[in-house]
Amino acid sequence: MWRFRNGAKWRELPERFGHWSTVYASGEQDGQLDPEREERRRVRRRRRVRLAAADLGRSRSGLTTRTHLSCGPQCLPLPLKITAGQVGDSPRFVPVLNGIRVPGPVGRPRTRPGAVAGHKAYSSRKTRSHLRERGIEAVVPEKRDQAAHRKERGSRGGRPVTFDRQLYKLRNTVERTINKIKDWRGLTVRYDKKPESHQAGLE
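Note that this is a predicted model, so its numbers are computed, not measured. (Residues numbered from 1 in each chain as written. Predicted model: local features only at pLDDT ≥ 70, side-chain atom pairs only at ≥ 80, totals over all residues. Heavy atoms only, no water.)

**Points about the confidence of the model for the protein chain**
Okay, so step 1: Model confidence for the protein chain is summarised by a mean pLDDT of 79, while 80% of its residues fall at 70 or above.
Okay, so step 2: Within the model, the stretch residues 27-33 combines pLDDT values under 50 with 11 contacts to residues more than four positions away or in other chains. (pLDDT = per-residue confidence, 0-100. Contact = heavy atoms within 4.5 Å.)

**Some remarks on helix H8 (residues 172-182)**
Okay, so step 1: Here H8 has its buried residues at Thr173, Thr177 and Ile181. Projection of H8 onto a plane perpendicular to its axis shows the buried side chains occupying an angular sector of 85°, all on one side. (Buried < 20%, exposed > 50% of the residue type's maximum accessible area, 1.4 Å probe, protein only. Helix = DSSP H or I, 4+ residues; strand = E, 2+ residues; numbered from the N terminus. Arc of directions from axis to C-beta.)

**Section: the packing of aromatic side chains**
What characterises a pair of aromatic rings is the spacing of the ring centres plus the angle enclosed by the ring planes.
Okay, so step 1: Evaluated as defined, the whole model comprises 4 aromatic pairs.
Okay, so step 2: Between Phe4 and Trp10, the ring centres sit 6.2 Å apart and the planes meet at 85°, which makes this aromatic pair edge-to-face. You'll find Phe4 and Trp10 in the same group, each marked buried.
Okay, so step 3: On the numbers, 5.2 Å between centres and 45° between planes, the contact of Phe93 with Tyr122 is tilted. Placement of the pair is Phe93 in helix H4 (residues 93-98) and Tyr122 in the loop between strand S4 (115-117) and helix H5 (125-133), with a sequence separation of 29 residues. (Phe/Tyr/Trp six-rings, centres within 6.5 Å; stacked < 30°, edge-to-face > 60°.)

**Side note on the pattern of salt bridges**
Okay, so step 1: A complete count under the given rule lists 2 salt bridges for this structure.
Okay, so step 2: Of the charged contacts in the structure, one is a salt bridge between Arg150 and Glu142, with a shortest N-O distance of 3.1 Å.
Okay, so step 3: With a shortest N-O distance of 3.5 Å, Glu175 and Arg171 are connected by a salt bridge.
Okay, so step 4: Exposure remark for Arg171: the relative accessible area of 17% places this residue in the buried category. (Salt bridge = Lys/Arg side-chain N within 4 Å of Asp/Glu carboxyl O.)

**Focus on unusual backbone geometry**
Okay, so step 1: Located in the positive-phi region is Cys75, a residue other than glycine, with phi close to 65°.
Okay, so step 2: You can see Cys75 is positioned in the loop between strand S2 (62-71) and strand S3 (77-84).

**Some points on the environment of Ala25**
Okay, so step 1: Here Ala25 shows up in helix H2 (residues 20-25).
Okay, so step 2: Residues Ala25 and Ser197 lie 172 residues apart in sequence; the distance between their C-alpha atoms is 9.7 Å.

**Quick word on the environment of Val96**
Okay, so step 1: Residue position: Val96 is located in helix H4.
Okay, so step 2: Through-space distance from the C-alpha of Val96 to that of His68 is 7.3 Å; in sequence the pair is 28 residues apart.
Okay, so step 3: Beyond its immediate chain neighbours, meaning those up to four positions away, Val96 contacts His68, Leu69, Ser70, Pro79 and Lys81.

**Brief notes about the state of the cysteines**
Okay, so step 1: By the definition in use, this model includes 0 disulfides.
Okay, so step 2: Cys71 takes part in no disulfide bond, and the closest cysteine sulfur to it belongs to Cys75, at a distance of 6.0 Å. (Disulfide = S-S within 2.5 Å.)

**Section: the nonpolar core**
Okay, so step 1: Judged by nonpolar contacts, Phe93, Val94, Leu97, Ile100, Val116, Tyr122, Leu131, Ile136, Ala138 and Val140 together constitute the single largest core of 10 residues.
Okay, so step 2: For this core, the element with the most residues is H4, which contributes 3 residues.
Okay, so step 3: Among all residues touching Val116, those that are not within four sequence positions of it are Phe93, Leu97, Leu131, Ile136, Glu137, Ala138, Val139 and Val140.
Okay, so step 4: Core analysis: the next-biggest nonpolar cluster, separate from the first, contains 7 residues, Phe4, Leu69, Leu80 and Ile82 among them. (Core = buried A, V, L, I, M, F, W, Y, C linked by side-chain atoms within 4.5 Å.)

Printed below as a string of structure tokens:
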């Protein structure tokens, strides 16, 4: 947590936390690494001249990733997904929603929220249909182009989209959650090359 908060390099981790490689791997019990294995790791790192591009993609911000997350009223992140920078928000809506698990005092974790407030970027028919099938209220405004297309079709375009405007005000919890994450320099700048390390820090 110290490292993610300050954005320092792993090798600059204070000695009181133990050897940086041990902390990074979180797999050694005695705080020491096998010298031969560490040497093999250094050799492999030297061979990797470029970052692995599997989770990176071009966006307006350059070569980066995008974090798709959900959160509760207390601004605590729920399931999240990391994709390449050019991946849109709407395709990730269902995977993030299906990953929600909120434990309760007894019984199984809760997986179905009563309502979901989302940006108009999630105003697709597929998204609304998925929420309707699961009995979840969609608190998502309609895009202007979608509304215009619906009006052009007349009666065939269906009914106008309605949503609870009071509940929609709670969507600011997403922005507040993101702002909290930005306080953690190591997560905002994305120093970790491996996507699993970056996601572990976010979670």
